[in-house]
Amino acid sequence: MWAYFIRRLLLVPVTLFIITVIVFIFMRAVPGDAADVRCGAAGNFDQQCFDVVREELGLNENKFGQYLKWIGDVILRGDFGYSLSQRAHINEEMGKRMWNTVQVGLLSMLFTLAIGIPVGAISAVRAGRLSDYVLRFLAVMGLSVPNFWIATMVIIFPAVWWGVRIAPDWVGWEEPLTHLQILAVAAAVISLAGGGTFARIVRSSMLEVLRSDQVRTARAKGLREFAVVARHVFRPSMIPLFTLVGLQFSLLLGGSVIIESIFNIPGIGLWVLQAVGERDFMIIQAVVVVFAGWFLLITLLIDIAYAWVDPRIRY
Amino acid sequence: MTAADAMAAPLELAPQRGRARRALAAFGRFVRTQPLGAAGAIVIILLIAGSVFAADLNTVDPKSSIREAKALDAPSGDHFFGTDRSRRDVWSRVLYGGRPTLIIGFGAVAVTMAAGVVLALAAGFLGGIVDVIISRLIEIIIAVPAILWLLMFTTAIDRSVQTLVFAVAFTFTPIAIRLFRGNVIQERSITYVEAARVIGASGPRIMFRHILPNLAPLVIVAASITIPAAMLSEAGLTFLGLGLEPGTPSWAQDLGPSNRPYFRLAWWMLVFPGAALALAVLAFNFFGDSVRDVLDPRLRGSGLI
């Protein structure tokens, strides 16, 4: 079994390498480059401007050479180079922005669990009754209603009705209360969809355990229903959540692009969005490598964890 | 209806009854056992009818401004959902705006299912090197966040409906292949396939005549559950201003940054397109859940689809 995991670990760099090639080709196929964007923004449409900027950014070099130089720096020094639009060091900028995205992500994960587990658990224990139907309905609502619509309404309506600004600007931890407010609002909007998904999974997972023999035994020996659920049902039915929590970080980016653009949060998502607008493919390449690398490692770790927890699993 | 009734129900269908009668009975059973799914189906039909027959539903051209109307006019008898900043009729924009979202939702899922079935049959049935290559490709596509694939497709190619259909299908196909491949492998080892092989059926014949029909319920379930997800994925991209061409009437487009400054003055510009999109996704989710419960209850909450 360990041979299988080692083989998969060795495949991670290979997969990542293929991904970088694909992304590199994709980004070079995009019409227009960073020089067009920069000269266009300055209102300078002379060929000379494009030539000077392209030379400065190294865009005139052979494409294959550009790729080799880039991948060489990434592999040998872990250095993603400089962004084309701001000339900022990508590693440094990525660190700062990743921390902002992760703050929102961690809090929204907390909220997601705080919504998903109780809703799913109550729904499972009261399966088939009215409360179960209401909670299931709400869960589907949560994961259906587009988060960008909710977020826009959360910003607009309190401002119109009461003149309240629900989502302040991103200030960082210098002003802890304001910072917590924006984090909480963004996380709350994200966790509606996540909470709905988690609630459904917790419910079905708990229902499965509730039907198992060990629960019948627990009931037969006269345990109160609360003790049965708390001790014998709850813990084993949380296992599917491990996978979800782990994968949630990879899904983080998808949600964060939209949420960060609405709430103007300087995280990875907003960075990617700006990079696409400015044809700054150095940023896109770096973000793709980091997220894909994380995804491949975390799925491997999850599989190892499952094999470790459950010895019946063989690869 | 109790569980016992549900079990007994198929027995009522004597073989002499016609196909139409049986279909009607199955339909009636669906409505009785899955009221939410049936309600979802009705809403879906209404939404499709609304966007198909938009021209006949008291609408005007959604792209051009009405000269005699006021800008940002509140909902009234003339303009059911009010007007926007360019004096365009929001009711018309909501009805026409369903077209791209629904087309991309259905189109992307059709492509996903077709590609998913073909590649899953190839991987699961041929095995060997084909299986290895397809598994590698799946991993490559899944590892990169879907939003990045979508952004790359729309910036590198174009922002037409076809490109969006393809791009959304591209991000969902790996999940479909994984799901179907497991099923193909399971089916392959069941005795009836062995029996077919013994009487001399060829590989392709087993693949298409025996295994493919048994995949059908799973494909229908996966399709009905993927449609709302595909719609939301396109809507998010269009909302960011990187999906459909600007100016195309579309629910997500009208909620986007270009309209945002006007929402304070005109709630109808924010509420109606958003409610239409939310209602569509909700209806598809309820319908998809019911389809899954009827066809394949084992998949409930598997997290796969």
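Residue positions within a chain follow its written sequence, with the count starting from 1. As a convention, the first chain written is A and the first ligand written is 1, with the rest following in written order. Restriction of local features to residues with pLDDT of at least 70 applies here, the model being predicted, together with a cutoff of 80 or more for giving and counting side-chain atom pairs; totals for whole chains, interfaces and linings are based on all residues.

(A) Region of interest: the overall build of chain B. Regarding its fold elements, chain B presents 11 helices and zero strands. The order of α-helices and β-strands along chain B, N terminus first, is α-α-α-α-α-α-α-α-α-α-α. Based on the C-alpha atoms only, the size of chain B along its principal axes is roughly 75 × 50 × 30 Å. Taking all 305 residues of chain B together, 43% fall into the buried category. The helix count covers DSSP runs of H or I at least four residues long, the strand count covers runs of E at least two residues long, and both are numbered beginning at the N terminus. Buried means a residue has 20 or more other C-beta atoms within 10 Å of its own C-beta, exposed means 12 or fewer, and partly exposed covers the counts in between; C-beta atoms are placed from the backbone.

(B) Region of the structure containing the overall build of chain A. Along chain A, the regular secondary structure elements total 13 helices and zero strands. Helices and strands in chain A line up, N terminus first, as α-α-α-α-α-α-α-α-α-α-α-α-α. Counting only residues that meet the buried cut, chain A has 36% of its 315 residues in that class. Contact criterion: two residues are in contact if their C-beta atoms, reconstructed from the backbone, are within 7 Å. Excluding contacts between residues fewer than 6 apart, the proportion of contacts in chain A whose partners are at least 24 apart in sequence is 70%.

(C) Broad picture of the interface of chain A and chain B. With 38 residues of chain A at the interface, the matching set in chain B holds 35 residues. Looking at the side of chain A that touches chain B, the elements with two or more residues in it are helix H1 (2-29), helix H6 (130-144), helix H7 (147-162), helix H8 (176-210), helix H11 (239-263), helix H12 (268-277) and helix H13 (281-309) of chain A. Among the elements that take part in the side of chain A that touches chain B, H11 of chain A stands out by supplying eight residues, more than any other. The classification used treats Ala, Val, Leu, Ile, Met, Phe, Trp, Tyr, Cys and Pro as nonpolar, Asp, Glu, Lys and Arg as charged, and all other residues, Gly among them, as polar. Of the residues in the side of chain A that touches chain B, the class split is 28 nonpolar, eight polar and two charged.

(D) Just helix H3 (residues 35-52) of chain B, in detail. Residues and elements named next belong to chain B. Take the number of residues in a helix, subtract one, and multiply by 1.5 Å to get its expected span. Spanning 18 residues, H3 covers 26 Å between terminal C-alpha atoms, matching the ideal 26 Å at 1.5 Å per step. Those residues of H3 lying buried are Gly37, Gly40, Ala41 and Ser51. Buried residues of H3, viewed axially, fall in a sector of 100°; they line one side. Along H3, the residues that are exposed and aim more than 90 degrees away from the buried face are Pro35, Ile45, Leu46 and Ala49. Summarising the contacts, the buried residues of H3 are in contact with helix H2 (19-33), helix H4 (90-126) and helix H11 (267-295). Of all possible arcs, the one meant is that of the directions from the helix axis to the C-beta atoms.

(E) How the structure looks around helix H9 (residues 213-220) of chain A. Counting buried positions along H9 of chain A yields zero of eight residues, so the element is predominantly exposed. Positive backbone phi, approximately 95°, marks Gly222 of chain A, located one or two places after H9 of chain A.

(F) Just the environment of Ser131 of chain A, in detail. All names here are of chain A. Within the secondary structure, Ser131 sits in helix H6. For the pair Ser131 and Val119, spaced 12 residues apart in sequence, the C-alpha separation works out to 10.0 Å. Not counting residues up to four positions away in its chain, the partners in contact with Ser131 are Ile122 and Arg126.

(G) Representation of unusual backbone geometry. Residue and element names in this part refer to chain A. Residues other than glycine seldom take positive phi values, yet Asn264 does so here, at roughly 55°. Phi is positive for Arg279, which is not a glycine, with a value near 55°. Its location among the elements puts Arg279 in the loop between H12 and H13. Owing to 20 C-beta atoms within 10 Å, Arg279 belongs among the buried residues under this scheme.

(H) Up close: the packing of H1 of chain A against H13 of chain A. Residues and elements named next belong to chain A. Axis lines are fitted to C-alpha atoms, over the contacting stretch for helices. Their N-to-C directions set the angle, which ranges from 0 to 180 degrees. Contact geometry for H1 and H13: axes closest at 10 Å, N-to-C directions at 160°. By the angle between their directions, the pair H1 and H13 is classed as roughly antiparallel. Seen along the crossing, H1 lies across H13 with a hand that is right-handed. On H13, the residues touching Phe5, Arg8, Leu9, Val12, Thr15, Leu16, Ile19, Thr20, Val23, Phe24 and Met27 of H1 are Phe281, Ile284, Gln285, Val288, Val289, Ala292, Gly293, Leu296, Leu297, Leu300 and Ile304. Looking at the contact of H1 with H13 residue by residue, the class counts come to 17 nonpolar, four polar and one charged. When an angle is under 35 degrees it counts as roughly parallel; over 145 it counts as roughly antiparallel; between 65 and 115 it counts as roughly perpendicular; any other value is oblique. Two helices cross in a left-handed way if the nearer one is turned anticlockwise from the farther one by less than a right angle. They cross in a right-handed way if the turn is clockwise.

(I) Expanded view of the packing of H4 of chain B against helix H9 (residues 203-239) of chain B. All names here are of chain B. Interaxial distance between H4 and H9 falls to 7 Å at its minimum, and their mutual angle equals 145°. Along this stretch, H4 crosses H9, giving a crossing that reads as right-handed. Contacts between H4 and H9 involve Thr101, Ile104, Gly105, Phe106, Ala108, Val109, Thr112, Met113, Val117, Leu121 and Phe125 from the former and Met207, Ile211, Leu215, Val219, Ala222, Ala223, Thr226, Ile227, Ala230, Met231, Glu234 and Ala235 from the latter. Grouping the amino acids of the contact of H4 with H9 by side-chain chemistry returns 18 nonpolar, four polar and one charged.

(J) Seen up close, the confidence of the model for chain B. Residue and element names in this part refer to chain B. Residues with a pLDDT of 70 or more make up 90% of chain B, whose mean pLDDT is 83. On a range of 0 to 100, pLDDT expresses the predictor's confidence in each residue. Note on residues 1-13: pLDDT is under 50 here. Beyond four places in sequence and across chains, it has seven contacts. Note that pLDDT drops below 50 for residues 301-305; the model gives that stretch 14 contacts with residues more than four away or on any other chain. Among the scores for the predicted complex, ipTM is 0.85 and pTM is 0.86.

(K) Spatial organisation of the environment of Asn58 of chain B. For Asn58 of chain B, the location among the structural elements is in the loop between H3 and H4. As for Asn58 of chain B and His79 of chain B, which are separated by 21 residues in sequence, their C-alpha atoms are 9.2 Å apart.

(L) Focus on the environment of Leu102 of chain B. Structurally, Leu102 of chain B is set in helix H4. Taking C-alpha positions, Leu102 of chain B is 10 Å from Glu234 of chain B, a pair spaced 132 residues apart along the chain.

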